[in-house]
Amino acid sequence: NAGVTQTPKFRVLKTGQSMTLLCAQDMNHEYMYWYRQDPGMGLRLIHYSVGEGTTAKGEVPDGYNVSRLKKQNFLLGLESAAPSQTSVYFCASSYAATGYNEQFFGPGTRLTVL
Amino acid sequence: QQQVKQSPQSLIVQKGGISIINCAYENTAFDYFPWYQQFPGKGPALLIAIRPDVSEKKEGRFTISFNKSAKQFSLHIMDSQPGDSATYFCAARTTDDMRFGAGTRLTVKP
């Protein structure tokens, strides 16, 4: 099992460019999450999904869109990147949110917006 | 405004010593408190977690102490080892929300 994988590992964008980050999990988890990690801020939830075809906003959703067309994949899109979106992005998945099932994290994507 | 406050930001401990990281929360709706360990270049991984109906949970060298009335909880790492050097995050959860502390970078010197 690969667990949670993220593509790409690193990316540099110019302001205004768009990109999509891909998260894939092979654990048949229902729930998937996108977080951003910034120094001194911990991890903050951007969007999450409770199942295929569903998405919901987290703590810091502005400037991002997501899609969950397949159960195993969760895509995070930046339509017009801004320097404030420079961060490390982590995807996570869990069997279900109820009962506090463990969230498994991917290795992260380091994004720099110039 | 961070809902979970974590201290210290960084911590240096000698090998064999005790590492202590503290967290405090305000929202009484939180009812599950996990700790995550993150090594450089890796994603966070669940280390240990506690529910507020117990005051302490121990797993090997790692212990969570929980004070519900003070809305505080802490992670104690006994006999700290250089391999424990990592960033530690506390978190607080409800069924549909999880908030993280800012993290503590722990360095254990040999």
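Reading the values: rules and limits
- Residues numbered from 1 in each chain as written.
- Chains lettered and ligands numbered in written order.
- Predicted model: local features only at pLDDT ≥ 70, side-chain atom pairs only at ≥ 80, totals over all residues.
- Heavy atoms only, no water.
- Helix = DSSP H or I, 4+ residues; strand = E, 2+ residues; numbered from the N terminus.
- Rg over C-alpha atoms; globule rule 2.2 N^0.38 Å.
- Buried < 20%, exposed > 50% of the residue type's maximum accessible area, 1.4 Å probe, protein only.
- Contact = heavy atoms within 4.5 Å.
- Areas by Shrake-Rupley, 256 points an atom, 1.4 Å probe, with all protein chains shown as cover.
- Lys, Arg positive; Asp, Glu negative; His and termini not counted.
- Charge placed at Lys NZ, Arg CZ, Asp CG, Glu CD.
- Salt bridge = Lys/Arg side-chain N within 4 Å of Asp/Glu carboxyl O.
- 1 Å grid on protein atoms, 1.4 Å probe; cavity = no way out; pocket = protein on both sides within 12 Å on 5 of 7 lines; lining within 4 Å.
- Points joined across faces, edges and corners; volume = space filled by probe spheres on them.
- Nonpolar A, V, L, I, M, F, W, Y, C, P; charged D, E, K, R; others polar.
- Buried area = accessible area lost by both parts, 1.4 Å probe.
- Core = buried A, V, L, I, M, F, W, Y, C linked by side-chain atoms within 4.5 Å.
- Pairing = 2+ DSSP bridges.
- Axes fitted to C-alpha atoms, helices over the stretch in contact; angles between N-to-C directions.

A. Fine view of the overall build of chain B. A tally of regular secondary structure across chain B gives zero helices and 11 strands. Along chain B, helices (α) and strands (β) appear in the sequence β-β-β-β-β-β-β-β-β-β-β when read from the amino end. Against the 2.2 N^0.38 benchmark of 13 Å for 110 residues, chain B shows a C-alpha radius of gyration of 13 Å, consistent with a compact globule. Expressed along its principal axes, the backbone C-alpha trace of chain B runs to roughly 40 × 30 × 20 Å. Taken across its 110 residues, chain B has 45% of its residues classed as buried. Nonlocal contacts in chain B, meaning residues at least 24 apart in sequence, comprise 52% of its contacts between residues at least 6 apart. Looking at chain B as shown, the accessible area adds up to about 5500 Å², and 48% of this sits on carbon and sulfur atoms. Where the 13 positive side-chain charges of chain B centre and where its 9 negative ones centre are 6 Å apart.

B. Region of interest: the pattern of salt bridges. Residue and element names in this part refer to chain A. Evaluated as defined, the whole model comprises eight salt bridges over all chains. Salt-bridge contacts for Arg44 lead to Asp38; the nearest nitrogen and oxygen are separated by 2.9 Å. For the pair Arg44 and Asp38, a shared accessibility class is recorded, and that class is buried. One network of salt bridges, in which partners are shared, links Arg36, Asp38 and Arg44.

C. Looking closely at the layout of surface pockets. By volume, the largest pocket is sized at about 790 Å³. Around the largest pocket sit 29 residues that line it, and A:Gln37, A:Arg110, B:Gln38, B:Thr87 and B:Arg105 are the ones nearest its centre. Those elements that provide at least two residues to the lining of the largest pocket are strand 4 (31-38), strand 9 (87-94) and strand 11 (109-113) of chain A together with strand 9 (86-94) and strand 11 (104-109) of chain B. Taken together, the residues that form the lining of the largest pocket break down as 10 nonpolar, 14 polar and five charged.

D. Up close: the interface of chain B and chain A. Listed as interface residues are 21 residues of chain B and, on the opposing side, 18 residues of chain A. In terms of surface lost to chain A, no three residues of chain B exceed B:Pro44, B:Arg93 and B:Phe100, which account for 28% of the buried area on that side. Our count for the contact surface shared by chain B and chain A stands at one salt bridge. One salt bridge connects B:Arg99 with A:Glu59, and the closest N-O pair in it is separated by 3.3 Å.

E. Representation of the nonpolar core in the model. Ranked by size, the top nonpolar core spans 24 residues in total, and within it B:Phe33, B:Trp35, B:Phe73, B:Leu75, B:Tyr88 and B:Leu106 carry the most contacts. Those elements giving two or more residues to this core turn out to be strand 2 (10-14), strand 3 (19-25), strand 4 (33-38), strand 5 (45-50), strand 7 (62-67), strand 8 (72-77), strand 9 and strand 11 of chain B. Among the elements that take part in this core, strand 9 of chain B stands out by supplying four residues, more than any other. Sequence-distant contacts of B:Tyr88, defined by excluding residues within four places in its chain, comprise B:Gln6, B:Ile21, B:Tyr36, B:Gln37, B:Leu47, B:Phe62, B:Leu75, B:Ile77, B:Gly103, B:Thr104 and B:Leu106. Counting residues in hydrophobic clusters, the runner-up holds 19 residues, among them A:Leu21, A:Val66, A:Phe74 and A:Ala81.

F. Region of interest: the pairing of strand 11 of chain B. Residue and element names in this part refer to chain B. Along strand 11, the buried face is formed by Thr104, Leu106 and Val108; none of Arg105, Thr107 and Lys109, which line the opposite face, is buried. Relative to strand 11, strand 2 is paired through five bridges, and the arrangement is parallel. What sits directly across from Val13, in strand 11, is Val108.

G. Structural view of the sheet that holds strand 3 of chain B. Residues and elements named next belong to chain B. Here five strands make up an open sheet; going across it, the order is 1-3-8-7-6 and the pairing antiparallel. The sheet terminates laterally at strand 1 (4-7) and strand 6 (56-59), the two strands that pair on one side only. Ignoring which end each strand starts from, the neighbouring axes of this sheet average 15° apart. When strand 1 meets strand 3, the two strands line up antiparallel, connected through four bridges. Along strand 3, the bridge assignment pairs Ser7 with Asn22.

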